[in-house]
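Listed below, chain by chain, are the residues.
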Amino acid sequence: MRKSHPVRRAVLAGAATVSGIVLLLSLKPASDPGSASAADGAVPPAAAQSPQGGRGAGAGTVTGDAASTQYGPVQVRLTVSDGKITRAEAVQAPKGGQSDRVTADAVPKLNRAAVAAGSADIDAVSGATYTSAGYVKSLQSALDKAAAAAGSNAGAGAAGEGAGSGQGTQVLTGDAAQTQYGPVQVRVTVSGGKITGVETLQAPKGGRSDQVTADAVPKLDRAAVAAGSADIDAVSGATYTSAGYKQSLQSALDRAGG
């Protein structure tokens, strides 16, 4: 019986050793973060930080038409992403003499206002009436171009789905309406049967007409978009310009209806 004790101790020691090895092997995978993540289906950090596909969809830059003012042309370029203005900059603005100071003060304010408003419905900067009016006009033309491009893309995507004709985006120019102070001509962007943008291509200019046009045209543009028709009120102090505007606007809308 005494001779059996060493064997028993050897067996017990061997069993303890095996148990210890099994325990260590079972604990080792939990100590490996990479293995644990893979087992749980987690995304590795490098993949989690990769750029999201399609983030740039609907993003791009568009430059409005140059708008002539008494002190020089104003032209606006926009960066648009997912239908929103993310950046606005003036690629042309009045310069030379006093205009340098006015431009340096007004343009940054107009840029910020355009981004904040997300439209051309922004206030003129005090002391920069002409520059502001030109900026708004060029800004609106840039927005019209962006809307037209978006409408074209949407129309292409919807082709073959049985959509009725005339529901896409149309850019239509009305007839030039003659007034006592000069011609007025309007270009309209119509999308889905609604006016989404209006741009005045011609308006009375020279002398007092410059001030009247700068004040009246942005109001008429906004009124046309809001009303969705040519049934808008005349701007006080700009009776002839308003009448010519409505006449040209109606002719453009008649083309859309046709």
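Look up: the structure comes first, before these words.
Caption draft 1: Just the overall build of the protein chain, in detail. If you tally the helices and strands in the protein chain, you get seven helices and six strands. Mapped in sequence order, the helices and strands of the protein chain form the string α-α-α-β-β-β-α-α-β-β-β-α-α. Counting across all 258 residues of the protein chain, residues that qualify as buried make up 32%. Put simply, of all contacts in the protein chain between residues at least 6 apart along the chain, 46% involve residues at least 24 apart. If you sum the accessible surface of the protein chain, you get close to 15,200 Å²; carbon and sulfur atoms cover 54% of it.

Caption draft 2: Structural context of helix α6 (residues 208-227). Taking 1.5 Å per residue as the helical rise, α6 with its 20 residues ought to reach 28 Å, and the 28 Å between its terminal C-alpha atoms agrees with that figure. Taken as a whole, α6 carries its principal kink of about 25° at A216; the proline P218 stands between one and four residues after it. Buried within α6 we find S209, D210, V212, T213, A214, A216, V217, P218, L220, D221 and A224. Phi turns positive, to about 70°, at G228, one or two residues after α6.

Caption draft 3: Focus on the pattern of salt bridges. Applying the stated rule across the entire model yields nine salt bridges. Across the salt bridge formed by K219 and D215, the nearest N and O atoms sit 3.3 Å from each other. Of this pair, K219 and D215 both sit in helix α6, four residues apart, which is roughly one turn of the helix.

Caption draft 4: Examining the environment of G244 more closely. Relative to the helices and strands, G244 is located in helix α7 (residues 239-257). Separated by 61 residues in sequence, G244 and P183 place their C-alpha atoms 7.3 Å apart. Not counting residues within four places of it along the chain, the set of residues in contact with G244 comprises A177, T179 and V184.

Caption draft 5: Representation of the sheet that holds strand β6 (residues 194-202) in the model. Sheet architecture is open: three strands sit in the order β4-β5-β6, paired in antiparallel fashion. The open sheet has two edge strands, β4 (169-173) and β6, and neither has a second partner. Strand-to-strand twist of the sheet, defined as the mean angle between neighbouring strand axes without regard to direction, takes the value 15°. Examined bridge by bridge, β4 and strand β5 (residues 185-191) share five bridges and lie antiparallel to one another. Bridge pairing links L172 to V188 in β5.

Caption draft 6: Region of interest: the sheet that holds strand β1 (residues 60-63). Within the open sheet, the three strands sit side by side as β1-β2-β3. Their pairing is antiparallel. Either end of the sheet is taken by a strand with one partner, and the two such strands are β1 and β3 (84-92). Taken pair by pair, the neighbouring strands of this sheet meet at an average axis angle of 20°, ignoring direction. Summarising the sheet, strand β2 (residues 75-81) and β3 pair through seven bridges and their orientation is antiparallel. Its bridge partner being in β3, R77 is matched across the sheet by E89.

Criteria and thresholds
- Residues numbered from 1 in each chain as written.
- Predicted model: local features only at pLDDT ≥ 70, side-chain atom pairs only at ≥ 80, totals over all residues.
- Heavy atoms only, no water.
- Helix = DSSP H or I, 4+ residues; strand = E, 2+ residues; numbered from the N terminus.
- Buried < 20%, exposed > 50% of the residue type's maximum accessible area, 1.4 Å probe, protein only.
- Contact = heavy atoms within 4.5 Å.
- Areas by Shrake-Rupley, 256 points an atom, 1.4 Å probe, with all protein chains shown as cover.
- Expected span 1.5 Å × (residues − 1).
- Bend = angle between axes of the 7 residues up to and from the residue.
- Salt bridge = Lys/Arg side-chain N within 4 Å of Asp/Glu carboxyl O.
- Pairing = 2+ DSSP bridges.
- Axes fitted to C-alpha atoms, helices over the stretch in contact; angles between N-to-C directions.

Any functional reading would require information that these geometric values do not contain.
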